[in-house]
Amino acid sequence: MDLFDNNALNMPMVALRGLVVFPNITLHFDVGRKKSISAVKTAMITKQDIFLSTQKDMSDEAENIDAVYDIGVVCEIKQIVRIPSSDCLRVIVEGKYRAELLAFSDVNPYLTAVVKRIDSIPYSEKYNLRAEALVRYAKGLFNEYSIIAQKLPNDINMGVAKLSEPGALADYIVGNIPLDYPQKQEVLSEIDSLKRIQKLVDILGKEVKLLQLEEEEPELHIAWNEKKNEIYAQLMGEVQIE
């Protein structure tokens, strides 16, 4: 990408550990590293947006651009609260839009990112029926998931019911259910709306299968092996492949 692109923006950045932010979703997280605290405070004081991207390795200090995913989200900071008896801050943000990380323009006293907005790729009219079918199927899978999981707030179910645009629906569901951060990042990084909701369908399908197995056999530890595309069930130290 062209670092001299007129659409490129400079803004404070925080590298997140094990957390992925999505557009149009409000969430909170805690920051404790000095650079992260400085970035958050600067953005709040100067009324700037902040760029949030997830670290590939949670143990890394993210001093190098290769240590974070290149697709993140530009967010508005809504509130900062100091955590009692701690130097950490709790930060409430609202995701605004996807952006690609082009470079670090500075790393001290905090990360400053050069980013470019990325909009979702729309689908043509000939795919309208496919899009509608994927949306219906995704909502059906989510309904199954929410019934089995039994731990999702009602407002999330209402939010899902209101959405009809494939990409936005995928963002909303993945942003509101507990998944490993690489899975969430996979969805965030997909710019094509139809491909994104297909990824959601694949993920939800696996999660429903895992939850059903755990419900049938509570003593089993169930996990999905992404590389082998298999479900692993562990019982009394023995590993079985289902």
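Above this text is the structure in question.
Computed from a prediction, not measured in an experiment: that's the story for all the values here. (Residues numbered from 1 in each chain as written. Predicted model: local features only at pLDDT ≥ 70, side-chain atom pairs only at ≥ 80, totals over all residues. Heavy atoms only, no water.)

Asker: I'm lost on the overall build of the protein in this one. Help?
Answerer: Scanning the protein for helices and strands turns up six helices and nine strands. Within the protein, counting contacts between residues at least 6 apart in sequence, those at least 24 apart form 62% of the total. Of the roughly 13,400 Å² that the protein leaves accessible, carbon and sulfur atoms contribute 50%. (Helix = DSSP H or I, 4+ residues; strand = E, 2+ residues; numbered from the N terminus. Contact = heavy atoms within 4.5 Å. Areas by Shrake-Rupley, 256 points an atom, 1.4 Å probe, with all protein chains shown as cover.)

Asker: How should the nonpolar core be read in this particular structure?
Answerer: Here is a general trend for soluble globular proteins: nonpolar side chains tend to be buried in one another's company. Ile50 and Leu52 are the most contacted members of the largest nonpolar core, which totals 56 residues. A per-element tally of this core places helix H2 (residues 128-149) first, with nine residues. Not counting residues up to four positions away in its chain, the partners in contact with leucine 52 are Val14, Leu16, Val21, Phe29, Gly72, Val73, Cys75 and Val93. Core analysis: the second largest hydrophobic core is formed by 15 residues, Met13, Val68, Tyr97 and Val115 among them. (Core = buried A, V, L, I, M, F, W, Y, C linked by side-chain atoms within 4.5 Å. Buried < 20%, exposed > 50% of the residue type's maximum accessible area, 1.4 Å probe, protein only.)

Asker: Help me understand the packing of helix H5 (residues 181-188) against helix H6 (residues 193-216), please; the structure alone is not making it clear to me.
Answerer: A pair of packed helices is captured by two measures, namely the crossing angle of their axes and the spacing between those axes. Closest axis-to-axis distance for the H5/H6 pair is 9 Å, and the angle between their directions is 155°. By the angle between their axes, H5 is roughly antiparallel relative to H6. Together, Gln183, Glu186 and Val187 of H5 and Arg196, Lys199, Ile203 and Glu207 of H6 make up the contact between the two elements. Tallied by class, the residues present in the contact of H5 with H6 amount to two nonpolar, one polar and four charged. (Axes fitted to C-alpha atoms, helices over the stretch in contact; angles between N-to-C directions. Parallel < 35°, antiparallel > 145°, perpendicular 65-115°, else oblique. Nonpolar A, V, L, I, M, F, W, Y, C, P; charged D, E, K, R; others polar.)

Asker: Explain the pattern of salt bridges here, please?
Answerer: Pairing is possible between side chains of opposite charge, provided their charged atoms come close. As enumerated under the stated definition, the model contains eleven salt bridges in all. The salt bridge involving glutamate 132 is made with arginine 136; its shortest N-O contact spans 3.0 Å. In this pair, glutamate 132 and arginine 136 both sit in helix H2, four residues apart, roughly one turn of the helix. Overall, arginine 136 belongs to the exposed group, its relative accessible area being 60%. Salt-bridge contacts for lysine 199 lead to glutamate 186; the nearest nitrogen and oxygen are separated by 3.3 Å. Taken together, the positions of lysine 199 in helix H6 and glutamate 186 in helix H5 put the pair 13 residues apart, joining distant regions of the chain. The partly exposed category is assigned to glutamate 186, whose relative accessible area is 37%. (Salt bridge = Lys/Arg side-chain N within 4 Å of Asp/Glu carboxyl O.)

Asker: Would you mind going over helix H4 (residues 166-176) with me for this structure?
Answerer: Burial analysis of H4 places nine of its eleven residues in the buried class, which makes it a mostly covered element. Among the residues of H4, those classed as buried are Pro166, Gly167, Leu169, Ala170, Asp171, Tyr172, Ile173, Val174 and Gly175. Against the buried residues of H4 lie strand S5 (89-106), H2, helix H3 (154-162), H5 and H6. The N-cap of H4, judged by a side-chain oxygen 2.9 Å from the amide nitrogen of glycine 167 a few residues on, is glutamate 165. (Polar contact = N/O pair within 3.5 Å; in protein donor to acceptor, adjacent residues only side chain to side chain.)

Asker: Mind showing me how you'd approach unusual backbone geometry here?
Answerer: Both trends apply: most residues other than glycine have a negative phi, and most peptide bonds are in trans. Looking along the chain, the bond that leaves asparagine 108 and enters proline 109 is cis, with omega of 0°. By the element assignment, proline 109 lies in the loop between S5 and strand S6 (112-117). Residue asparagine 24 is not a glycine yet carries a positive backbone phi of 65°. In this structure, asparagine 24 sits in the loop between strand S1 (9-16) and strand S2 (26-31).

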